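Structure at a glance
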Amino acid sequence: MFALRAYGRANKKTTCHDKKLYGIKRVELREYITSEVQLLRERKRKNFWPYIFTSPFLILYFVFLLVPTLFTIYLSFNKWNGIDPITFIGLKNYIFIFTRDPYFFKSILNIILIMLMYIPAVMVLGVVIAAAITSRYLKWGHAFRVISCLPYITMSVGIGLIFALILDPKMGVLNKVLLYLGLINEEIQWLKEPYARYVIVVMMIWRLLGYMILLYSASMVNIPVELYDAASIDGANGIGKFRHITIPLVMPTTRFLLITSIIAGFQLVEEPLLLLNGWTSGSQGGGFANAVKSCLTPVWYIFGTAFGGMSQYGTATAMSFILFIVILSFTMIGFRIFKQKGIGSNE
Amino acid sequence: MSNRNRKTYLKRVNLTISITLLAVFISIIFIIPFYLMGNMATYSTNNLYTKFTFLPSNYLLENLKTVMRGMFARSLLNSLIVSICATFLSVFVSALFGFSIAKYRFKLNKFFFNFIIITMMIPTSLGIVAFVIEMRILGMIDTFAPLILVFGANSYGAFWMTQYIRANVPTELIESARIDGCNEFMIFIRIVVPLIKPAIFTLSILIFLWSWNSYLLPIVILNSQSKFTIPITIATLGSLYFTDHAARVTGLFLGIIPLFIIFIIGSKFFVKGITEGAIKG
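Residues numbered from 1 in each chain as written. Chains lettered and ligands numbered in written order. Predicted model: local features only at pLDDT ≥ 70, side-chain atom pairs only at ≥ 80, totals over all residues.

Take the overall build of chain B next. For chain B, the helix and strand inventory stands at 16 helices and 0 strands. Relative to its length of 281 residues, chain B is extended, with a C-alpha radius of gyration of 25 Å against a globular reference of 19 Å. The principal-axis extents of the C-alpha atoms in chain B amount to approximately 80 × 75 × 35 Å. Within chain B, the proportion of its 281 residues that are buried is 46%. Put simply, of all contacts in chain B between residues at least 6 apart along the chain, 76% involve residues at least 24 apart. (Helix = DSSP H or I, 4+ residues; strand = E, 2+ residues; numbered from the N terminus. Rg over C-alpha atoms; globule rule 2.2 N^0.38 Å. Buried ≥ 20, exposed ≤ 12 C-beta atoms within 10 Å, placed from the backbone. Contact = placed C-beta atoms within 7 Å.)

As a further point, take the domain arrangement of chain A. Interface size, as often reported, equals the accessible area lost upon joining of the parts. Residues and elements named next belong to chain A. Segmentation of chain A into domains returns domain 1 (2-92) and domain 2 (99-338). Looking at the side of domain 1 that touches domain 2, the elements that each hand over two or more residues are helix H3 (48-75) and strand S1 (78-79). Taken together, the residues that form the side of domain 1 that touches domain 2 break down as 3 nonpolar, 5 polar and 1 charged. (Domains from an automatic or database assignment. Nonpolar A, V, L, I, M, F, W, Y, C, P; charged D, E, K, R; others polar.)

A few words now on the nonpolar core. Core analysis: the largest hydrophobic core is formed by 163 residues, its most contacted members being Cys149, Phe163, Val199, Met212 and Leu275 of chain A together with Val129 of chain B. Top element by residues in this core is helix H9 (residues 193-221) of chain A. It accounts for 15 residues. Look past the residues within four positions of Val129 of chain B in its chain and what remains in contact with it is Thr72, Ile302, Ala306, Tyr313, Ala316, Thr317 and Ser320 of chain A. (Core = buried A, V, L, I, M, F, W, Y, C linked by C-beta atoms within 7 Å.)

Glancing now at the domain arrangement of chain B. Assigned domains of chain B: these are domain 1 (3-59) and domain 2 (71-235). The C-alpha centroid of domain 2 of chain B is placed 38 Å from the C-alpha centroid of domain 1 of chain B.

On the side of chain A, 78 residues touch chain B, which itself brings 75 residues to the contact. Among the elements that line the side of chain B that touches chain A, the one with the most residues is helix H1 (residues 3-40) of chain B, at 15 residues. Residue composition of the side of chain B that touches chain A, by class: 56 nonpolar, 17 polar and 2 charged.

Turning our attention to unusual backbone geometry. All names here are of chain B. The backbone phi angle of Asp142 is positive, close to 65°, even though this residue is not glycine. With respect to the element layout, Asp142 can be found in the loop between helix H6 (128-138) and helix H7 (145-149). Take Asp142: there are 15 C-beta atoms within 10 Å of it, and that puts it in the partly exposed class.

So, on to the environment of Tyr103 of chain A. All names here are of chain A. Along the chain, Tyr103 falls in the loop between helix H4 (92-99) and helix H5 (104-134). For the pair Tyr103 and Leu174, spaced 71 residues apart in the sequence, the C-alpha separation amounts to 31 Å. Excluding residues that lie within four positions of it along the chain, Tyr103 makes contacts with Lys293, Leu296 and Tyr301.

This part takes up the packing of H3 of chain A against helix H15 (residues 313-338) of chain A. All names here are of chain A. Where H3 contacts H15, the axes come no closer than 8 Å and their chain directions differ by 115°. Here the hand of the crossing between H3 and H15 comes out left-handed. Here Thr72, Ile73 and Leu75 of H3 come into contact with H15, specifically with Tyr313, Gly314, Thr317, Ser320 and Phe321. Across the contact of H3 with H15, the residue classes break down as 4 nonpolar, 4 polar and no charged. (Axes fitted to C-alpha atoms, helices over the stretch in contact; angles between N-to-C directions. Left-handed = near helix turned anticlockwise from the far one by under 90°.)

Before going further, it helps to spend a moment on helix H15 (residues 245-265) of chain B. Its 21 residues give H15 of chain B an end-to-end C-alpha distance of 31 Å, which sits within 8% of 30 Å, the value for a rise of 1.5 Å per residue. The largest bend in H15 of chain B amounts to roughly 30° and is located at Ile257 of chain B, with the proline Pro258 of chain B lying one to four residues further along. (Expected span 1.5 Å × (residues − 1). Bend = angle between axes of the 7 residues up to and from the residue.)

Here we come to the packing of helix H12 (residues 251-266) of chain A against H15 of chain A. All names here are of chain A. Contact geometry of H12 with H15 gives a least axis separation of 10 Å together with a crossing angle of 170°. Relative to H15, the element H12 is oriented roughly antiparallel. Side by side, H12 and H15 meet where Arg255, Leu258, Ile259, Ile262, Ile263 and Phe266 of the first sit next to Leu323, Val326, Ile327, Phe330, Thr331, Gly334 and Phe338 of the second. Split by residue class, the contact of H12 with H15 holds 10 nonpolar, 2 polar and 1 charged. (Parallel < 35°, antiparallel > 145°, perpendicular 65-115°, else oblique.)

Here the focus is the confidence of the model for chain A. All names here are of chain A. Here chain A averages 80 in pLDDT, and 83% of its residues register 70 or above. Per-element confidence in chain A ranges from a low mean pLDDT of 48 for helix H1 (residues 2-15) to a high of 91 for H5. Note on residues 281-286: pLDDT is under 50 here. Beyond four places in sequence and across chains, it has 18 contacts. The model gives residues 341-347 a pLDDT under 50, and that stretch makes 8 contacts with residues more than four places away or in other chains. (pLDDT = per-residue confidence, 0-100.)

So this is what it looks like as C-alpha cells:
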C-alpha cells in the first residue's frame, strides 16, 4: 500500500504537465492498482489455507486425544462404574491409592526395578555390538541388522506368547534341554515367583536389542573416519577409540534412546500380560487376579481396575494421572541430566 | 609381503573372523525363538509333548487347516483394513499439517508447532480408559473407526513431516507454482507430495507397524469376534483352541509371519525407515 501511494505521488509530480504521457501512466496506474488489490485479496485467501490444512489434525487430536486426557483428569475426581451417575468425591480416589490400594505403588516399583535391569543392559550391549558391526570387518552388516530387528517388529503380544511357549514348564523347550543336559533334576516353573521378573528382563533385552543396535550403528556411520585415523596415529587402540571417540559422539542417540525407553518402559504391559496370562488362561481385557505380583505393571493394573470386572473408572483414571506425573518427572530428570535441548529441539 | 604388512593383514583377518562369528552368534540368538515357534507348529499336539525335537515334523498342513477353519483369515483381513486405512489417513493428515507449518506464515504457526512438540511427550496410552468411555458415548464401540482415526492425530508424524518439508521442499518452487495459477491444495498434491516421497514411505512403514501390532486399543474397543484384529486373535488363541496346543502355536506363527515376509522383502526401506524415524524424532 505504501508503494502504491508513493507511486501515485511520484506520478503526479512528474507527469502532470505532459498530457500524452499522463494518459499512458494513468492506464499503467490502473493496472497497477488492480493487480495490487488482487494480490491483497489473494494473500487474504491464502491466509485461510494453513488453517484448512491444519484442521484435520487438530480436530482429530481434539476428539481422540485431548478430550480423553481432560476426561481422565475429570473422572479422577469422581466415582463412577459406567452405569450409575457420576458422583463427585473430590480427592478420595487419590487418597485411596496413596493409603489403601495394595498394588499400584508396588506396580510402579516393579516396573522401575525391571527397567533398571533391562535398559542399561540393552543400551550397553547395543552400543558395543553396533560398534563391532559398523567397523569395516563385517560383510553382511545389513543382513545382520535385518535379523536383529525381527523381535522389534514382532507384535508385543507375540513376544509374550513365544516366551510363554519356550518357558512352559511341561511343553517348553528350555526345561527339556536343561533336563536333557542334566543341568536340572526337575522342571523349573520359570513363570512363577522368583524367576518371572528376570524372564521379563531377558525378554525385553531380546526384543529391544536389535532396535538399539540399529540406531547406534546409524549414528556411528556418521562419525567421520578422520577422527579414528587421527587417533590411530596418536597411538590409540580399539578400546581407547571406542571410549573417547565413539561414546561421546553417539551421546545424542544415547539421550534419545534413554528417554524414549523410559517413557515406553513405564507403559510396558502387553509382553508381561501375555507372558504370564495369555497362554494358560487366554484371558482378555487385562485381568490381574492370578498374575505374578512381582511382574504387575502399572498400565496392566490400571487396565485391570477399569475393565477387569469391577469397572472402577474413577480409581483407574486417578492412577493414570499419577502415572502420567511419574513419567513426566522422569522425562524431565532425563532432560536435566543431559542438560541439552529436548527431543523436539528445532535445530 | 613385508613382515609388518603381514602382521596387520593377519590382525585384520582375525578381527573379521571374530566379528563375523559374533554376528552369527547373535543372529542365532535372535532367530532361535522364532525357529522354535515355527518348528512347534509342525507337530501334532500329542507329539508336542512326547516326541519333540529340533527338527520339523510333518503336521504343519493339518494345523494350518485347523486354524484356517476358525476366524483367522477374517482377522487377517480386519488387520489389513485397519492398518492400511490408518496409514493412509495418518500420513495424509501429518503431511498436510507439516506443509502448512513449514511453508505458510500465519498467526498460530509457532503455537501449533510448539503444541505438537509438547503433545509428543504425553504418553498416549494413559488416556485410554477415558478414551474407551468417550467412544462408548459416541457409539463407536465395536467399529474400526476409533482404531483408524486415532492414528490421524499422530503428533510424532506431524512433527516429522514439518521438519522434512522445511528441509526438503524449496519455497521458490511453491511460489512459482502459485504464480502459474496453481491452487493451494493442488500445490500440495502436485509439488509437495512428490518431493517428500521418502518421508511418506518411512512414515507409512512406522504407522503400519504401530497399527498392525497395537493390542490395547483394539481389545477394549472391539467386542465381536468377527471384528478382531490379528493381535487380539493371537492373544485369545488360548481360549480358542483350549486343548489343541499345536493349533495355538500355528496361529501364533501365522500371525507373526506375514509381517516378517513384508519386512524382509522391503528390509532396505524398513531399516532406513525405523532409523530415520528415530533419529529425526
